[in-house]
Amino acid sequence: MCGIVGAVAKRNITPILLQGLKRLEYRGYDSCGVALHVDGMLQRSRSTARVAELEAQVEKSGLSGFTGIAHTRWATHGAPASHNAHPHFSRERIALVHNGIIENHDELRAELKAAGYEFESQTDTEVIAHLVDQMYTGDLFETVQQAVKRLHGAYAIAVFCRDEPHRVVGARQGSPLIVGVGDGENFLASDAMALAGITDQIIYLEEGDVVDLQLQRCWIVDSDGKPADRPVRTVHAHSGAAELGPYRHYMQKEIFEQPRAIGDTLEGVTGIMPELFGDKAYDIFKKIDSVLILACGTSYYAGLTAKYWLESIAQIPVNVEIASEYRYRDSVPNPKALVVTISQSGETADTLAALKHARSMDMTNTLTICNVATSAMVRECALAYITRAGVEVGVASTKAFTTQLAALFLLTLTLAQVRGRLSEEQEATCLKAMRHLPVAISSVLALEPQIIAWAEEFARKENALFLGRGMHYPIALEGALKLKEISYIHAEAYPAGELKHGPLALVTEEMPVVTVAPNDALIEKLKSNMQEVRARGGQLYVFADADSKIASSEGLHVIRMPEHYGKLSPILHVIPLQLLAYHTALARGTDVDKPRNLAKSVTVE
Ligand code: G6P
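Since this is a predicted model, take the numbers as computed values, not measurements.

1. Concerning the overall build of the protein
Across its full length, the protein carries 18 helices and 24 strands. Over its C-alpha trace the protein gives a radius of gyration of 25 Å, about what one expects of a compact globule, namely 25 Å for 605 residues. The principal-axis extents of the C-alpha atoms in the protein amount to approximately 75 × 55 × 45 Å. The proportion of buried residues among the 605 residues of the protein is 60%.

This is how it looks when you write it as structure tokens:
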């Protein structure tokens, strides 16, 4: 979702801004733009194509300068069109980019129109540009501090002014923004990765902060206008976008990285101990009586899977809530619950807001399972477990999901231990199985050729059903999500027992029904559900363990999973579903890594 880069330097910053935008491309966008201070004037270039096209445009026009801002836009207010792309100008004096949503934009627009401002776009961002211009006192830093007080909603902004050539001002509330501190030059960006290779000295702005960037000055005030001393951290962010290696897409690369990602996530786990989650973990785990999981998208499905583990192994009650629902619904707070947020990016607006909502109701035992150690989520939770998937570029999450599952299984064992429900023997068996996961995943990845053959069939379909039972039901949900996200085939998942309560009406010969069928306690029930599908002519595509005793026959296609993996089986069973979605999308020729309308990092609600 929207990406921001800004810079004040004594050298031409155009390549830095464009490089930064390229590194933010993975977040998802539909237009982009850059504005620079050039000879006492504002100049910009905008495009509804990729950053590479913007770069060509900029090169052609020879646009260069020492002070400027750049942006990738993911449309919220107004279509993806050049006139809606950022940066927005006000009266050729103010240039501004924005990530977030301004809720009172209508009211402000009416006010600014009445004051004579003309609007070129449908965006809420242009409102901020005009507001800053209207309130301009001759000091941009002072003006922005006053202007943001009029904004309701979420924003990260970067702004500069024609009359102050060596200054960029940034502000954040609800959307991420970081400062990169250089030697006689300073930068702003949505995340540290955008500045990789430029500076590793990073300041994470806090809610309500406003920052004044000049060549030799980086001055931050908080929402009350008081000087704020924010630590400068050394962040070794690498541009994960750089190396695609032998793969065609990042999603494919990330699917195949899973053995390494899981290995790294579990590296250093020599035994089950609460300290793995933070110094205060034992004290917190000891006093909790339930778990509340908050997340969105794929991370939510990781949470749903964990509920099965936590309730059966640690015997602790678990609620899993979609963050965007939880944050607005009346719920009964339980201060003894462990609130667990799950997030790849650690910046998802709804998950952060849900966490804040829980905390506002005295639920302060917080833990995050997160892939970005420097993210807002990690900073705001008392405890954290960092998955070590590495940078995930593909919008459709893969390695982040399986590493989240690995971390959640570890949490399950830890809570079981604290609650006296894990014998030493069980601990040893589980640890052994976890250590074997990278090898087990590699053998599942070897099924790719068989899955490609299925994908060719799927590419011709417009609908698909996914079935699972028990802890494999969330895996069916994740499989359906993967397929719809990147191949645009309508896909739904059901717990197989629900089939007869509705979805069976959809089953015809045209309907492929993907079934996740490990040999667990529910296998016989699942087989009956499969019969119900076959009896209506539905085509079954089944991922079954050797022990499941399901053989291919007319209308029943089977891919045999290499081994049955007990409680950890969801981690293995999701992998063929990722590959099926990937190869189906490939066969349909969609933009696999950047599916239409979707964003990687959802920093607006
Ligand atoms: C977006 C991404 C998904 C992700 C979800 C939650 O929708 O495209 O892949 O699962 O956001 O993101 P998070 O970073 O909080 O896990």
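2. Details of the UniProt feature "domain: Glutamine amidotransferase type-2" (unreviewed entry) in the protein
Here the UniProt feature "domain: Glutamine amidotransferase type-2" (unreviewed entry) sits at residues 2-216. Strand forms 35% of residues 2-216 and helix 24%; the C-alpha atoms that close the span are 28 Å apart.

3. Some words on the pattern of salt bridges
On inspection of all chains with the given rule, the structure shows 31 salt bridges. A salt bridge links Arg-230 to Glu-206; the shortest N-O distance between them is 3.6 Å. Separated by 24 residues along the polypeptide, Arg-230 in the loop between β13 (218-221) and β14 (233-234) and Glu-206 in the loop between β11 (201-204) and β12 (210-213) bring together distant segments of the chain. You can call Arg-230 buried: its relative accessible area is 18%.

4. Here's the deal with the site of the ligand
Near the ligand you find 13 residues, and of these Ser-299, Ser-343, Gln-344, Ser-345 and Thr-348 are the closest. Contacts to the ligand include Ser-299, whose side-chain N or O atom sits 2.6 Å from an oxygen atom. Between an oxygen atom of the ligand and a main-chain N or O atom of Val-395, the distance comes to 3.1 Å. Summarising the interface, the protein chains cover 89% of the accessible area of the ligand, which totals 380 Å² for the free molecule.

5. Topic: the pairing of strand β9 (residues 178-181)
Sheet topology places β9 next to strand β10 (residues 186-189); four bridges connect them, and they run antiparallel. Looking at β10, one finds that Val-179 is bridged to Leu-188. Hairpin remark: β9 followed by β10, antiparallel, with four residues in the connecting loop; positive phi at Gly-184, about 70 degrees. Sheet topology places β9 next to β11; three bridges connect them, and they run antiparallel. Of the residues in β11, the one forming a bridge with Gly-180 is Ile-202.

6. Section: the packing of aromatic side chains
According to the stated counting rule, one finds eight aromatic pairs in the structure shown. With a centroid separation of 6.0 Å and 25 degrees between ring planes, the pair formed by Tyr-247 and Phe-256 is classed as stacked. Its relative accessible area of 22% is what places Phe-256 among the partly exposed residues. Plain terms: the ring middles of Tyr-300 and Tyr-301 are 5.7 Å apart, the flat faces sit at 50 degrees to each other, and that makes the pair tilted. A residue is classified by how much of its surface remains accessible, and Tyr-301, at 16% relative accessible area, is buried. By the ring-pair criterion, three or more aromatic residues cluster together here, those being Trp-454, Phe-458, Tyr-541 and Phe-543.

7. What about the UniProt feature "domain: SIS" (unreviewed entry) in the protein?
The sites that carry the UniProt feature "domain: SIS" (unreviewed entry) are, in the present numbering, residues 281-421 and 454-595. Across residues 281-421 one finds 47% helix and 19% strand; the C-alpha atoms that close the span lie 17 Å apart.

8. Focus: unusual backbone geometry
Here the residue pair His-86 and Pro-87 is connected by a cis peptide bond, since its omega of -5 degrees sits within 30 degrees of zero. Here Pro-87 is to be found in the loop between β4 (67-73) and β5 (88-90). Even without being a glycine, Gln-315 presents a positive backbone phi close to 50 degrees. Following the sequence through the fold, Gln-315 ends up in the loop between α9 (297-314) and β16 (318-322). Non-glycine residue Asp-362 carries a positive phi angle of around 70 degrees. By the secondary structure assignment, Asp-362 is in the loop between α11 (349-360) and β18 (366-370). Judged by relative accessible area, Asp-362 falls into the exposed class, the value being 56%.

9. Some points on the nonpolar core
Counting residues in hydrophobic clusters, the biggest one holds 92 residues, and the most contacted among them are Phe-285 and Phe-466. If one sorts the elements of this core by residue count, helix α13 (residues 399-418) sits on top with 12 residues. When neighbours within four sequence positions are excluded, Phe-466 is seen to be in contact with Ala-476, Gly-479, Ala-480, Leu-483, Ala-491, Glu-492, Ala-493, Tyr-494, Val-514 and Leu-577.

10. Considering the environment of Gln-315
Residue classification places Gln-315 among the partly exposed positions, given a relative accessible area of 47%. For the pair Gln-315 and Leu-24, spaced 291 residues apart in the sequence, the C-alpha separation amounts to 42 Å. Setting aside chain neighbours within four positions, we find Gln-315 in contact with Leu-310, Arg-419 and Arg-421. A distance of 3.2 Å separates a polar atom in the side chain of Gln-315 from a polar atom in the side chain of Arg-421.

11. Quick notes on the sheet that holds strand β8 (residues 164-173)
Across the sheet, six strands lie side by side as β5-β6-β7-β8-β12-β13; this open sheet has antiparallel pairing. Two strands close off the open sheet at either side, each with one partner strand: β5 and β13. Each neighbouring strand pair of the sheet contributes to a mean axis angle of 20 degrees, computed without reference to strand direction. The pairing of strand β7 (residues 153-161) with β8 spans five bridges and is classified as antiparallel. Bridge assignment links Ile-157 to a residue of β8, and that residue is Ala-171. Running over the sheet, helix α5 (residues 140-147) touches β6 (94-102), β7, β8, β12 and β13 and is turned about 25 degrees from β8.

Rules behind the numbers
Residues numbered from 1 in each chain as written. Predicted model: local features only at pLDDT ≥ 70, side-chain atom pairs only at ≥ 80, totals over all residues. Heavy atoms only, no water. Helix = DSSP H or I, 4+ residues; strand = E, 2+ residues; numbered from the N terminus. Rg over C-alpha atoms; globule rule 2.2 N^0.38 Å. Buried < 20%, exposed > 50% of the residue type's maximum accessible area, 1.4 Å probe, protein only. UniProt positions renumbered as here; feature names shortened; annotations may be inferred. Salt bridge = Lys/Arg side-chain N within 4 Å of Asp/Glu carboxyl O. Near = heavy atom within 4 Å. Polar contact = N/O pair within 3.5 Å; in protein donor to acceptor, adjacent residues only side chain to side chain. Areas by Shrake-Rupley, 256 points an atom, 1.4 Å probe, with all protein chains shown as cover. Pairing = 2+ DSSP bridges. Phe/Tyr/Trp six-rings, centres within 6.5 Å; stacked < 30°, edge-to-face > 60°. Core = buried A, V, L, I, M, F, W, Y, C linked by side-chain atoms within 4.5 Å. Contact = heavy atoms within 4.5 Å. Axes fitted to C-alpha atoms, helices over the stretch in contact; angles between N-to-C directions.

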